[in-house]
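# Architecture and fold: a report
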Amino acid sequence: MNNRSTKKTLNILFVAAEAAPFAKVGGLGEVMNALPTAMRKMHHDVRLLMPKYASIDIQKYPMELEIGNIRVATEQEDPQGLLVSNIVKHTARDKSVTYFLENMEYFEKRANVYGYIDDTARWLLLSRASIEFIKRSSWKPDVIIASDWETGFIPNLIKTEHKDDIELRHIKTIFCIHNLRNQGTFDATFVTEIEADSGQSILPPFFSPTIKKLNGMRRGILFADAIVTVSPTYVKEILSPQYGEHLEGVLKERRDHLFGILNGINTKLFNPSTDPLLKTRYSVREISQRKSNKTAIQSRFGLEENPDAMLFGYVGRLDEQKGLSLIQETIKPLLNNLNFQLVLMGTGERVFKKFFKELVGQYPGRVGVHLEYSDTLPRMIFAGADVTLIPSRFEPCGLVQMEAMRYGSIPLVRKTGGLADSVSEYQPDNDSGTGFVFEEYNQYAFLIAMVRAYESYRNKREWDKLIKRAMKKSFSWESSAEKYIELCMNVIKK
Ligand code: GLC
């Protein structure tokens, strides 16, 4: 980037369904906190708008009214039928601004972010209210960055209903895909072609039954000035039927506007030399200190306490996307034939929960699980586990592999999406690579990678070198934030 272009300060508004620390379900929430923060460090005015859920702690995050009486029409025939909401504002200690959409019925009464029967209506409300807010606000964004299907209606509205609006028509939109699979309240796989949303029709009024069939993902892709996805490899993958989730056609049409920018991680929080959660803190020069973190995690999960036992870890959603079935299909023969331990943390599909709960009983002292979400356990696991498993079927970016590497836990990954972009194959003969990588999505490929990891661990000298290489990899947000800013500048120029 040249110096001249960095001089202009941009106003950027992120709109998303979730953002840490207010309400976080997964990786999207994490990114919605870290990315704006990194962009602010580059002296741009970056703000975020999200719904105010019942679960948000308003004592901790006090809010004041910014704009009241935000109106969204409910029925076309009846312009009096209006849904009224407010925009409230929280200013953090670092002066960063987050706006919240306050609506009792659709958000404030709901504790969860996702999973309601009227989700599409809720997200359409968020999108429409964002637009009404911008129209009335004295602070105007140059660019809106909308994330995932929930906010794909924003580029759509700006380019159609509001295209002649003097306050809006100069605003550019970037649509960011964190996970192409989620496209609406229906499952895209089961929608017939006739029923599928072409993305071209006028967005229906709020109480219309057709709302349920809207595909926010397709609309975001069709109308945004630029489309970003969270890794360069995922960009290539989603242009194919295997990963395209029925949208490879529109994505190909808009290929010239499609970019891949790898996420970063919060290197301040994920830092083994300062992390207060660890039994013993360590830097890349003190990796032998990982041992006491291993015994700490063994004790916590009820495993035999032995710093030399090889420990595998899994941290994340228990979801088909994450490749859990590969672990399920191979773990018993592996445990029966090789001497290692396994800890697993996360919540998700019931079948997986049941399977792993039973596994603990079948392999006492060798397998331990925590089947709930935790904010703190992942870092302790990364500090103690020798290998972290991420055998995903697909992975737009994935944060766990980068977080694990930072703590010297070696990632074992399938070569897909962001995993392919952030983990390179271990090659002891030329001192390169940071993890174990397998290509085909099947239990044989996974099993072979597991055996390779197990065997490699026995060579302590080489393994220590591997840990050091992984820990030295840099995944800070800085360079990704620069790329986002550059993209914002480019869409503005057009
Ligand atoms: C989604 C994707 C994950 C990505 C995250 C943040 O959760 O599944 O791969 O890391 O979004 O972009």
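Residues numbered from 1 in each chain as written. Predicted model: local features only at pLDDT ≥ 70, side-chain atom pairs only at ≥ 80, totals over all residues. Heavy atoms only, no water.

You'll find the protein entered in an unreviewed UniProt entry as Glycogen synthase, with Candidatus Nomurabacteria bacterium CG2_30_43_9 given as the organism. Annotation of the protein in UniProt includes, under Catalytic activity (unreviewed entry), the sentence "[(1->4)-alpha-D-glucosyl](n) + ADP-alpha-D-glucose = [(1->4)-alpha-D-glucosyl](n+1) + ADP + H(+)". Regarding the protein, the relevant UniProt record gives this comment under Sequence similarities (unreviewed entry): "Belongs to the glycosyltransferase 1 family. Bacterial/plant glycogen synthase subfamily." (UniProt positions renumbered as here; feature names shortened; annotations may be inferred.)

Per the UniProt record, "binding site: ADP-alpha-D-glucose" (unreviewed entry) is found at K24. Its location among the elements puts K24 in the loop between β1 (11-15) and α2 (27-40). Under the relative-accessibility criterion, K24 is labelled partly exposed at 29%. Leave out the neighbours within four places in its chain, and K24 touches E18, A19, G29, E30, Y373 and D375. Within the local environment of K24, its side chain forms a polar contact with the side chain of E30, the two groups lying 2.7 Å apart. (Helix = DSSP H or I, 4+ residues; strand = E, 2+ residues; numbered from the N terminus. Buried < 20%, exposed > 50% of the residue type's maximum accessible area, 1.4 Å probe, protein only. Contact = heavy atoms within 4.5 Å. Polar contact = N/O pair within 3.5 Å; in protein donor to acceptor, adjacent residues only side chain to side chain.)

If you check the domain split of the protein, you get domain 1 (3-264 + 478-493) and domain 2 (287-474). Using C-alpha coordinates to define each centre, domain 1 is positioned 34 Å away from domain 2. In this complex, domain 1 contributes 16 residues to the contact, which on the side of domain 2 involves 16 residues. Per-residue buried area on domain 1 facing domain 2 is highest for R181, Y243 and L262; these three make up 29% of the total on that side. For the pair domain 1 and domain 2, the number of links is 0 salt bridges. At the junction of domain 1 and domain 2, the tally comes to 8 residue pairs in polar contact (both at pLDDT 80 or more). Looking at the side of domain 1 that touches domain 2, the elements that each hand over two or more residues are α2 and α7 (232-237). (Domains from an automatic or database assignment. Buried area = accessible area lost by both parts, 1.4 Å probe. Salt bridge = Lys/Arg side-chain N within 4 Å of Asp/Glu carboxyl O.)

This part covers the pairing of strand β11 (residues 340-345). Across a regular strand the side chains alternate sides, sitting on one face of the sheet and then on the other. Burial runs high along β11: 6 of the 6 residues are buried. When strand β10 (residues 310-315) meets β11, the two strands line up parallel, connected through 6 bridges. The residue of β11 that forms the bridge with V315 is M345. Read from β10 through helix α10 (residues 324-337) to β11, the crossover connection turns out right-handed. Across 4 bridges, β11 lies against strand β12 (residues 367-370) in parallel orientation. Each residue of the ladder has a partner; that of L344, found in β12, is V369. (Pairing = 2+ DSSP bridges. Right-handed = clockwise from strand over helix to strand, strands pointing away.)

Of all residues adjacent to the ligand, which total 13 residues, the nearest are H178, N263, E395, C397 and G398. Side-chain polar atom of H178 to an oxygen atom of the ligand: 2.7 Å apart, as the coordinates give it. Within the contact set of the ligand, an oxygen atom lies 3.5 Å away from a backbone nitrogen or oxygen of P396. Coverage of the ligand by the protein amounts to 93% of the 310 Å² it exposes when considered alone. Tallied by class, residues from the shell around the ligand come to 5 nonpolar, 6 polar and 2 charged. Two domains share the shell around the ligand, each providing at least three of its residues, namely domain 1 (3-264 + 478-493) and domain 2 (287-474). (Near = heavy atom within 4 Å. Areas by Shrake-Rupley, 256 points an atom, 1.4 Å probe, with all protein chains shown as cover. Nonpolar A, V, L, I, M, F, W, Y, C, P; charged D, E, K, R; others polar.)

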